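If you want the building blocks of each chain, they are given just below.
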Amino acid sequence: MNKIRLGVNIDHVATVRNARGENYPSPLRAAILAEKCGAHSVTIHLREDRRHINDLDLKEIKLKLKIPLNLEIAATSEMLKIAIRHQPDFVCIVPEKRKEITTEGGLNLNYNQIFLKKIITKLKKNNSRVSLFIEPNIKDIKISNYLDVDAIEFHTGKICNLINQGKPFKAELSKLNKAVNYATDLGLEVHAGHGLTYESAKIISKIKKIKEFNIGHFLIGESIYIGLQNAIKKFQKILK
Ligand code: PXP
């Protein structure tokens, strides 16, 4: 059976650390533990305001981690320079607004395409694989393909909210399924992430062409009760 890869997003280990301005809990320790538990990759989002992961976290994690590192960045010159310097295995370009609590939707690809293309070309030349965090719609998939990325990650926030609130989600699941098929046929690798829980991961993982799930907030929250190791194992079982 095809196994979907699990990328573990550890941003919120840093959120807890930063809440008290201490040097614990350590995102590096969480990254290494995720590696030991068989996570396929570790994801970190270096936000422009450094609200969770900071530059030192990135440096240490990149140095010590043996599994692939997926660095999420906004499309800015500062972040491009940082990504070029640290050369993560994957760079996922995400939208960023200072005032949002989390990444609320996919990238707006209606503008900025020339700048995006420039960034993508530079990152790929620097041997990072590049993905774009987008909404599951055909127009954005076509633009992503034109921009020549290696992968796209579909924002699953909408469907996860519906599932988590016990609302009808079948139409959204069907839309996601169509988008996955369309992108895969174009040769794009498809990832998915945002708001995933055990329940929503189980439902969405029925779409077998999705190659990778990136999961953070819920998984780190679950770790409080059952430990990071067990939370990772539970998700791995779901994604089998
Ligand atoms: N994938 C991307 C591109 C993200 O930006 C995030 C964080 O918003 C996630 C996955 C993980 O989302 P969550 O923390 O809700 O699991």
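Presented here is a report on the structure given in the accompanying data block. Note that this is a predicted model, so its numbers are computed, not measured.

## Observations concerning the overall build of the protein chain
Summing up its helical and strand segments, the protein chain has 11 helices and eight strands in all. For the protein chain, whose C-alpha radius of gyration is 17 Å, the value lies close to the compact-globule estimate of 18 Å for 240 residues. For the protein chain, the C-alpha atoms occupy an extent of roughly 45 × 40 × 35 Å along the three principal directions. Buried residues in the protein chain amount to 51% of all 240 residues. Of the contacts formed within the protein chain by residues at least 6 apart in sequence, a portion of 67% connects residues at least 24 apart.

## Remarks on the side chain of Asp-11
Within the secondary structure layout, Asp-11 lies in helix 1 (residues 11-20). Contact partners of Asp-11, with chain neighbours within four places excluded, come to Thr-43, Ile-44, His-45, His-52 and Ile-53.

## Here's the deal with the pattern of salt bridges
Opposite charge on two side chains makes pairing possible when the charged atoms of those side chains draw close. Within this structure, the stated rule accounts for 10 salt bridges. Two residues, Glu-212 and Arg-5, come together in a salt bridge whose shortest N-O distance is 2.7 Å. Of this pair, Glu-212 sits in strand 8 (residues 212-215) while Arg-5 sits in strand 1 (residues 5-9), placing them 207 residues apart in sequence. Overall, Arg-5 belongs to the partly exposed group, its relative accessible area being 24%.

## Notes on unusual backbone geometry
Cis geometry is adopted by the peptide bond preceding Pro-25, which originates at Tyr-24 and carries an omega value of -10 degrees. With respect to the secondary-structure elements, Pro-25 resides in the loop between helix 1 and helix 2 (27-36). Despite not being glycine, Gln-87 shows a phi value in the positive range, around 45 degrees.

## Some details on helix 8 (residues 170-185)
Taking 1.5 Å per residue, 16 residues should reach 22 Å; helix 8 reaches 22 Å between its end C-alpha atoms and fits that length. Against the buried residues of helix 8 lie helix 6 (138-146), strand 6 (151-155), helix 7 (157-164), strand 7 (189-193) and helix 9 (198-204). Looking one or two residues past helix 8, Gly-187 carries a phi angle of roughly 95 degrees, positive in sign.

## Observations regarding the packing of aromatic side chains
According to the stated counting rule, one finds three aromatic pairs in the structure shown. A centroid spacing of 4.9 Å and a plane angle of 85 degrees characterise the contact between Tyr-198 and Phe-218, whose relative ring orientation is edge-to-face. Residue Tyr-198 is located in helix 9, and its partner Phe-218 is located in helix 10 (residues 217-226); the two are separated by 20 residues in the primary sequence. Exposure remark for Tyr-198: the relative accessible area of 15% places this residue in the buried category. Relative accessible area serves as the criterion here: at 26%, Phe-218 is assigned to the partly exposed category.

## Describing the site of the ligand
Neighbouring the ligand are 14 residues; Glu-72, Glu-153, Gly-195, Gly-216 and His-217 lie closest to it. In the environment of the ligand, an oxygen atom lies 2.8 Å from a nitrogen or oxygen atom belonging to the backbone of Gly-195. One of the backbone N or O atoms of Gly-216 is found 2.8 Å from an oxygen atom in the ligand. With the chains in place, 94% of the 400 Å² that the ligand exposes on its own is no longer accessible. A breakdown of the residues in the shell around the ligand according to their chemical character gives four nonpolar, eight polar and two charged.

## Things to note about the packing of helix 2 against helix 3 (residues 55-64)
The geometry of helix 2 relative to helix 3 is characterised by a closest axis approach of 9 Å and an angle of 30 degrees between their N-to-C directions. Between helix 2 and helix 3, the interaxial angle falls into the category roughly parallel. Once helix 2 is placed against helix 3, the crossing between them reads as right-handed. Between helix 2 and helix 3, the contacting residues are Pro-27, Leu-28, Ala-31 and Ile-32 on the first element and Asp-57, Glu-60, Ile-61 and Lys-64 on the second. For the contact of helix 2 with helix 3, the per-class residue count stands at five nonpolar, no polar and three charged.

## Let's talk about the side chain of Glu-189
Relative to the assigned elements, Glu-189 resides in strand 7. In this structure the side chain of Glu-189 is engaged in a polar contact, spanning 2.6 Å, whose partner is the side chain of Arg-5. Residue contacts for Glu-189: discarding those within four places in its chain leaves Arg-5, Arg-129, Asp-150, Ala-151, Ile-152 and Lys-211.

## Looking at a positive patch on the surface
A cluster of like positive charges, contributed by Lys-3, Lys-234, Lys-237 and Lys-240, occupies part of the molecular surface. Tracing the sequence through the fold places Lys-237 in helix 11 (residues 228-238).

Quick notes on the rules
- Residues numbered from 1 in each chain as written.
- Predicted model: local features only at pLDDT ≥ 70, side-chain atom pairs only at ≥ 80, totals over all residues.
- Heavy atoms only, no water.
- Helix = DSSP H or I, 4+ residues; strand = E, 2+ residues; numbered from the N terminus.
- Rg over C-alpha atoms; globule rule 2.2 N^0.38 Å.
- Buried < 20%, exposed > 50% of the residue type's maximum accessible area, 1.4 Å probe, protein only.
- Contact = heavy atoms within 4.5 Å.
- Salt bridge = Lys/Arg side-chain N within 4 Å of Asp/Glu carboxyl O.
- Expected span 1.5 Å × (residues − 1).
- Phe/Tyr/Trp six-rings, centres within 6.5 Å; stacked < 30°, edge-to-face > 60°.
- Near = heavy atom within 4 Å.
- Polar contact = N/O pair within 3.5 Å; in protein donor to acceptor, adjacent residues only side chain to side chain.
- Areas by Shrake-Rupley, 256 points an atom, 1.4 Å probe, with all protein chains shown as cover.
- Nonpolar A, V, L, I, M, F, W, Y, C, P; charged D, E, K, R; others polar.
- Axes fitted to C-alpha atoms, helices over the stretch in contact; angles between N-to-C directions.
- Parallel < 35°, antiparallel > 145°, perpendicular 65-115°, else oblique.
- Left-handed = near helix turned anticlockwise from the far one by under 90°.
- Patch = residues over 30% accessible without salt bridge, like charges linked within 9 Å, V, L, I, M, F, W, Y side chains within 5 Å.
- Lys, Arg positive; Asp, Glu negative; His and termini not counted.
- Charge placed at Lys NZ, Arg CZ, Asp CG, Glu CD.

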